[in-house]
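# What the coordinates show
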Amino acid sequence: MENKSQRWATLRRILTDKKIRRKLDQSPFEEWEELRKLYTEGRDPMAPIIGAIYDEGQFRAEIAWSIPLIIKYTILRGKPLTPQNVKSVDPRKFPPGPRGKNMGKAIVHNAREILDRWGSVENLFTSSTSAFEIYENLLSLEQIGKKKALMLTKDFAIAVEYRKMRTEKWCWLDPFADQWKRKYPKEKLRELEKISIPPDVHCIRVVGRIIGKEKEATEKELKEFGRRVYPEFPAWIDTPLWLIGRNYCHQEKPECGKCYLKRVCNMAKNVS
Ligand code: SF4
């Protein structure tokens, strides 16, 4: 039987193992050329902000992160998704979010706010060498709460500091990370230890079960879990947790027999 510190070490080993991460990640985005172009060619800097705004509630990630493409080719008629082009769109024209929620107001407001405060989306991401300050910039935008701000900061930090270790071929924020590296060629992105696992519905369920709770983990427990498993950058283990939640650790009938965490999960024996 493993003691507590061995258990944290095993969790770290599993959740950072490149082969496991690769097996888990069958991202539907990777081969989608139009999406790759939208997010990685740097011509549509508002796309990740808009994708994050829609990424909530009942919307699957695939839908949320495709909406910027729809907005570009319907509302903007192919014009780039820049704050300048987005700021003057009638908010009522944007597609509704989950449960019919109006997302247009936040999108237009954020486009104006970004122009007023930073001059461009690029400058928002390259305004600091601290990941935590970039997180706070994002958190100050409308409809970008803690979960979304952490998610964007995490992907940005991975693109800056962990790109060689990640299994995804590309990421929404690669162009901003490239600009950051050009601006600070000799620096490291600081304060990654303050970037916690985003409190996504999958992650709180998986972590709740690993630590043996009947319910989901609280934000505090999620934060503590990340700090224990990967203190130097807790959000690094977000993607495998999220994918385990999506692939195996379903709300009903989790497939513990297939799960990489079954050896270290307190709930595995109770639910299999
Ligand atoms: S072992 Fe089962 S309960 Fe534990 S994380 Fe995996 S699927 Fe969920």
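Residues numbered from 1 in each chain as written. Predicted model: local features only at pLDDT ≥ 70, side-chain atom pairs only at ≥ 80, totals over all residues.

## Notes on the domain arrangement of the chain
Split into domains, the chain comes out as domain 1 (1-27 + 196-272) and domain 2 (32-191). Taking the mean C-alpha position of each, domain 1 and domain 2 sit 27 Å from one another. Opposite the 13 residues of domain 1 that make contact, domain 2 presents nine residues. Ranked by residues supplied to the side of domain 1 that touches domain 2, first place goes to helix α2 (residues 18-24) with three residues. (Domains from an automatic or database assignment. Contact = placed C-beta atoms within 7 Å. Helix = DSSP H or I, 4+ residues; strand = E, 2+ residues; numbered from the N terminus.)

## Digging into the environment of T16
Along the chain, the position of T16 falls in helix α1 (residues 4-16). Taking the C-alpha atoms as reference points, T16 and W236, 220 residues apart in sequence, are found 8.0 Å from one another. Excluding residues within four positions of it along the chain, T16 makes contact with Y230 and I237.

## Details of the packing of helix α13 (residues 201-210) against helix α15 (residues 238-247)
Orientation of α13 relative to α15, taken along the N-to-C sense of each, is 85°, at an axis distance of 8 Å. With respect to α15, the element α13 is oriented roughly perpendicular. Of the residues in α15, those touching α13 at H202, C203, R205, V206 and V207 are D238, L241, W242, I244, G245 and R246. (Axes fitted to C-alpha atoms, helices over the stretch in contact; angles between N-to-C directions. Parallel < 35°, antiparallel > 145°, perpendicular 65-115°, else oblique.)

## Focus: helix α11 (residues 146-161)
Every α-helix carries 3.6 residues per turn, so stepping three or four residues along brings you back to the same face. Its 16 residues place the ends of α11 22 Å apart at the C-alpha level, agreeing with the 22 Å of an ideal helix rising 1.5 Å per residue. In terms of burial, α11 is largely enclosed, as 13 of its 16 residues are buried. (Expected span 1.5 Å × (residues − 1). Buried ≥ 20, exposed ≤ 12 C-beta atoms within 10 Å, placed from the backbone.)

## Some details on unusual backbone geometry
For R77, which is not glycine, the phi dihedral falls at a positive 50°. Note that R77 resides in the loop between α6 (67-73) and α7 (83-86). Positive phi is not limited to glycine here, since R99 has a value of about 55°. Tracing the backbone shows R99 in the loop between α7 and α8 (104-117).

## Brief notes about the nonpolar core
Core analysis: the biggest nonpolar cluster contains 73 residues, and I50, I107, F156, A157, V207 and L241 have the highest contact counts within it. Ranked by residues supplied to this core, first place goes to α11 with nine residues. Split by domain, the residues of this core number at least three in each of domain 1 (1-27 + 196-272) and domain 2 (32-191). Residues contacting A157, with those up to four places away along its chain left out, are A131, L189, L192, I195 and F233. (Core = buried A, V, L, I, M, F, W, Y, C linked by C-beta atoms within 7 Å.)

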